[in-house]
Amino acid sequence: MRELAVQAFVTLDGVMQAPGGPEEDPSGGFSAGGWSVPYWDDVIEQSMGEAMGHPFDLVLGRKTYEIFAAHWPHAEDPGAEVLNDATKHVASTTLTELEWANSHLIEGDVADGVGRLKEADGPELQVHGSTNLIQTLLANDLVDEVRVLIYPVVVGPGKRLFGDGTIPRAFELTGSEVAPSGVIIATFRRAGEVEVGSFAFDEPTEAEVERRKGLAGGS
């Protein structure tokens, strides 16, 4: 079974909506689009290059697919070739034709479709952007790894990486780095169920209760 990794840019308050520009996703009245742009540096570029430096397929939601398809086939930016050559699996109930090369619709239920992709032979599956799709994947426990770039900015309301419906899961930090711009680059792997505990003192025994009463009476 191949693994599925989510690649996400998030603010300090957990928003991942429209990191790349004001018009990227203004839905819900979001007005802070482009919040990641001032922080881009060589370390972030290197990190992104490493993430896409091995074979992978993309799994994209409709909105992210349309944004990517309008840009990357005509771009000469670093990463354009690998994105254009990668196989794209698209979750959409409205698109009927996919013009970007190597693009395929996920048929039927999205969670079932992505589950079938994980069971099939092939390279790693990567999700870029696609906030709504990520919520479905998290709710169905289909995410194996989260690669998150945490930006030192707070934007308030917006679409978040971990939204309603996320299944509680523990994650293990497997790598981290801080870019000169202050962006924290971290990779987390799924590590099973959430373990809980308490910092509260244990309930005193009956003998301890009587001892304390004695101390109080003798004061």
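Notes on the structure follow. (Residues numbered from 1 in each chain as written. Predicted model: local features only at pLDDT ≥ 70, side-chain atom pairs only at ≥ 80, totals over all residues. Heavy atoms only, no water.)

The subject of this paragraph is the overall build of the chain. When helices and strands are counted, the chain shows six helices and eight strands. The C-alpha extent of the chain, read off along each of the three principal axes, is 85 × 40 × 35 Å. Across the 219 residues that make up the chain, the buried fraction comes to 40%. At a minimum sequence separation of 6, the contacts of the chain that also span at least 24 residues come to 69%. Of the roughly 12,500 Å² that the chain leaves accessible, carbon and sulfur atoms contribute 53%. Within the chain, the 36 negative side-chain charges are centred at a point lying 7 Å from the centre of the 15 positive side-chain charges. (Helix = DSSP H or I, 4+ residues; strand = E, 2+ residues; numbered from the N terminus. Buried < 20%, exposed > 50% of the residue type's maximum accessible area, 1.4 Å probe, protein only. Contact = heavy atoms within 4.5 Å. Areas by Shrake-Rupley, 256 points an atom, 1.4 Å probe, with all protein chains shown as cover. Lys, Arg positive; Asp, Glu negative; His and termini not counted. Charge placed at Lys NZ, Arg CZ, Asp CG, Glu CD.)

Here the focus is the pairing of strand β8 (residues 184-190). In this sheet, β8 lies alongside strand β6 (residues 145-151) in antiparallel orientation, the contact comprising six bridges. By the bridge assignment, I150 is partnered in β8 with I184. Note that strand β7 (residues 171-178) and β8 share seven bridges and pair antiparallel. Considered in β8, the bridge of F171 is made with R190. (Pairing = 2+ DSSP bridges.)

This brings us to the side chain of S36. Topologically, S36 is positioned in the loop between β1 (4-11) and α1 (42-51). Residue S36 is classed as buried on the basis of its relative accessible area of 6%. Among the polar contacts listed, one links the side chain of S36 to the backbone oxygen of P19, at a separation of 2.8 Å. With residues up to four places along the chain from it excluded, the contact list for S36 reads F9, P19, G20 and Y151. (Polar contact = N/O pair within 3.5 Å; in protein donor to acceptor, adjacent residues only side chain to side chain.)

What follows covers the environment of V155. By the element assignment, V155 lies in the loop between β6 and β7. For the pair V155 and T187, spaced 32 residues apart in sequence, the C-alpha to C-alpha distance is 23 Å. Dropping the residues within four chain positions of it, V155 is found in contact with T11, D13, V15, F30, A32 and W35.

Time to look at the packing of aromatic side chains. Within this structure, the stated rule accounts for four aromatic pairs. Ring centres 5.7 Å apart and planes at 45° place the aromatic pair F9 and Y151 in the tilted group. In this pair, F9 sits in strand β1 while Y151 sits in strand β6, placing the two residues 142 residues apart along the sequence. No difference in accessibility class separates F9 from Y151, as the two residues are buried. An aromatic cluster is built from F9, W35, Y39 and Y151, whose rings are joined through pairwise contacts. Note that K88 overlies the ring of W100, its terminal NZ or CZ placed 4.2 Å from the centroid. (Phe/Tyr/Trp six-rings, centres within 6.5 Å; stacked < 30°, edge-to-face > 60°. Lys NZ or Arg CZ within 6 Å of the ring centre and 35° of its normal.)

Attention now goes to unusual backbone geometry. The phi torsion at S130 lies on the positive side, around 60°, for a residue other than glycine. Secondary-structure assignment places S130 in the loop between β5 (124-128) and α5 (131-139). Looking at S130, the relative accessible area reads 6%, which means it is buried. Located in the positive-phi region is D141, a residue other than glycine, with phi close to 60°. When you line up the elements, D141 lands in the loop between α5 and β6. According to the relative accessible area criterion, D141 is partly exposed, its value standing at 26%.

Another point: the side chain of D144. Structurally, D144 can be placed in the loop between α5 and β6. Take D144: its relative accessible area is 8%, and that puts it in the buried class. A polar contact of 2.8 Å, which involves the side chain of D144, links it to the backbone nitrogen of L4. Separated by 2.9 Å, the side chains of D144 and K118 make a polar contact. If sequence neighbours within four positions are ignored, D144 has contacts with R2, E3, L4, K118, F188, R189 and R190.

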